[in-house]
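Structural features, examined
What follows is the residue order along each chain.
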Amino acid sequence: MENYQAVFKRKEIKYLLSREKRNALLPILEAHMEPDAFAHSSISNLYYDTPDFRMVRRSLEKPMYKEKLRLRSYGTPEDTSTVFPEIKKKAMGIVYKRRISLPYQESVSFLSGQQIASTDMCDGTTRQILHELDWMLASYKDLAPRVFLSYERDSYKGISDPSLRLTLDQDILFRTDRLDLREGTFGEAILLPDQTLMEVKISNAAPLWLAQALSEIGIFPVSFSKYGRAYE
């Protein structure tokens with residue numbers, strides 16, 4: 001089983017941009033940042049939850065700790081395409097993501113409670129994440145896909161500090177039926193046509209140039225959950 005990056009730990013700060021503010025910010029971003037290895041991607045997710053949506057309801061209460069389970073693909077997968085079962089946790093403002101990579105059909109089977117093929121060839125990190133996924137599946141009753149979410153993402157990294165990451169998401173769509181990533185991207189829009197969701201992903205503090213640009217343009221942090229917005 002191959003991983004992209006299996007483990008993430010960082011702050012994620014979200015901003016909702018109008019077309020005018022996005023256009024004002026882009027030249028500043030391009031002076032300090034460059035497209036990352038996956039400059040543009042079409043991302044699709046299945047969010048797993050209980051029949052009474054316990055996970056997302058808990059998340060919307062803004063607790064000190066919350067967690068989500070999702071299956072992510074880049075592009076529309078086929079049965080044998082690599083996809084990513086992923087746990088996303090947030091504690092004390094820090095986001096932790098842990099994921100493995102599996103073929104789509106095997107991922108769906110695993111998340112429905114079936115055992116996957118032998119894990120003898122997995123590294124220690126992958127085995128640990130598999131244990132965490134098993135624990136989550138056992139802890140919540142009747143986890144199953146409840147919401148499909150997709151979006152078009154442009155990704156940047158800092159030129160002088162590659163640990164600084166920034167993403168711009170548009171065309172965020174959701175649906176609550178045909179919950180199969182192989183069905184492709186269609187659904188109801190979450191944002192207005194001229195809106196962009198920006199996420200700044202940092203290990204510590206945002207750089208001064210970015211803080212100044214956001215202040216001058218009048219861009220302020222928002223509390224925004226794609227899954228939460230779809231549920232509401």
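Relevant structure appears above.
A brief look at the structure comes next. (Residues numbered from 1 in each chain as written. Predicted model: local features only at pLDDT ≥ 70, side-chain atom pairs only at ≥ 80, totals over all residues. Heavy atoms only, no water.)

**Quick notes on the packing of helix H1 (residues 19-32) against helix H5 (residues 208-217)**
H5 packs onto H1 with a crossing angle of 165 degrees between their chain directions and a minimal axis gap of 10 Å. When the axis of H1 is compared with that of H5, the two are roughly antiparallel. Taken as a pair, H1 and H5 cross one another with a handedness that is right-handed. Together, Lys 21, Ala 24, Leu 25, Ile 28, Leu 29 and His 32 of H1 and Trp 209, Leu 210, Ala 213, Leu 214 and Ile 217 of H5 make up the contact between the two elements. Taken together, the residues of the contact of H1 with H5 break down into nine nonpolar, one polar and one charged. (Axes fitted to C-alpha atoms, helices over the stretch in contact; angles between N-to-C directions. Helix = DSSP H or I, 4+ residues; strand = E, 2+ residues; numbered from the N terminus. Parallel < 35°, antiparallel > 145°, perpendicular 65-115°, else oblique. Left-handed = near helix turned anticlockwise from the far one by under 90°. Contact = heavy atoms within 4.5 Å. Nonpolar A, V, L, I, M, F, W, Y, C, P; charged D, E, K, R; others polar.)

**A few points about helix H4 (residues 124-139)**
Taking 1.5 Å as the rise per residue, H4 with 16 residues should run 22 Å; its terminal C-alpha atoms sit 23 Å apart, in good agreement. Among the residues of H4, Thr 126, Ile 129, Leu 130, Glu 132, Leu 133, Met 136 and Leu 137 are the ones counted as buried. Down the axis of H4, the smallest arc covering the buried residues is 160 degrees, so these residues share one side. Residues of H4 that are exposed and angled more than 90 degrees away from the buried face: His 131, Trp 135 and Ala 138. (Expected span 1.5 Å × (residues − 1). Buried < 20%, exposed > 50% of the residue type's maximum accessible area, 1.4 Å probe, protein only. Arc of directions from axis to C-beta.)

**Focus on the packing of aromatic side chains**
With the rule as written, the count across this model stands at three aromatic pairs. Arranged with centres 5.3 Å apart and planes meeting at 45 degrees, the rings of Phe 53 and Tyr 231 form a pair that is tilted. Here the residue Phe 53 occupies a position in the loop between strand S2 (33-49) and helix H2 (54-60), and Tyr 231 occupies one in helix H6 (residues 226-231), the gap between them amounting to 178 residues. The exposure class of Tyr 231 is partly exposed, given its relative accessible area of 35%. Between Tyr 74 and Phe 84, the aromatic rings sit 5.8 Å apart at their centres with planes inclined by 80 degrees, giving edge-to-face as the arrangement. Taken together, the residues span a long stretch of sequence, with Tyr 74 in strand S3 (residues 65-74) and Phe 84 in strand S4 (residues 82-91) at a distance of ten residues. Residue classification places Tyr 74 among the partly exposed positions, given a relative accessible area of 35%. (Phe/Tyr/Trp six-rings, centres within 6.5 Å; stacked < 30°, edge-to-face > 60°.)

**Considerations on the pattern of salt bridges**
Using the criterion set out here, one finds 18 salt bridges in the structure. Among the ionic pairs, Glu 12 bridges to Lys 97, the shortest N-O distance being 3.3 Å. With Glu 12 in strand S1 (residues 7-17) and Lys 97 in strand S5 (residues 94-99), the pair connects residues that are 85 residues apart, well separated along the chain. You'll find Glu 12 and Lys 97 in the same group, each marked buried. Taken together, the shared-partner salt bridges in this structure form one network comprising Arg 153, Asp 169, Glu 199, Lys 201 and Lys 226. (Salt bridge = Lys/Arg side-chain N within 4 Å of Asp/Glu carboxyl O.)

**Focus: the side chain of Ser 225**
Of note, Ser 225 is situated in the loop between strand S11 (221-222) and H6. Reaching out from Ser 225, the side chain makes a polar contact with the backbone nitrogen of Gly 228 at a distance of 2.8 Å. (Polar contact = N/O pair within 3.5 Å; in protein donor to acceptor, adjacent residues only side chain to side chain.)

**Structural notes on H5**
Along H5, the positions that sit buried rather than exposed are Trp 209, Leu 210, Ala 213 and Leu 214. The buried residues of H5 occupy an angular sector of 130 degrees when the element is viewed end-on, so they sit on one face. Facing away from the buried side of H5 by more than 90 degrees, the exposed set consists of Leu 208, Ser 215 and Glu 216. As for H5, its buried residues are in contact with S1, H1, S2 and strand S10 (196-202). Positive backbone phi, at 85 degrees, marks Gly 218, one or two positions downstream of H5.

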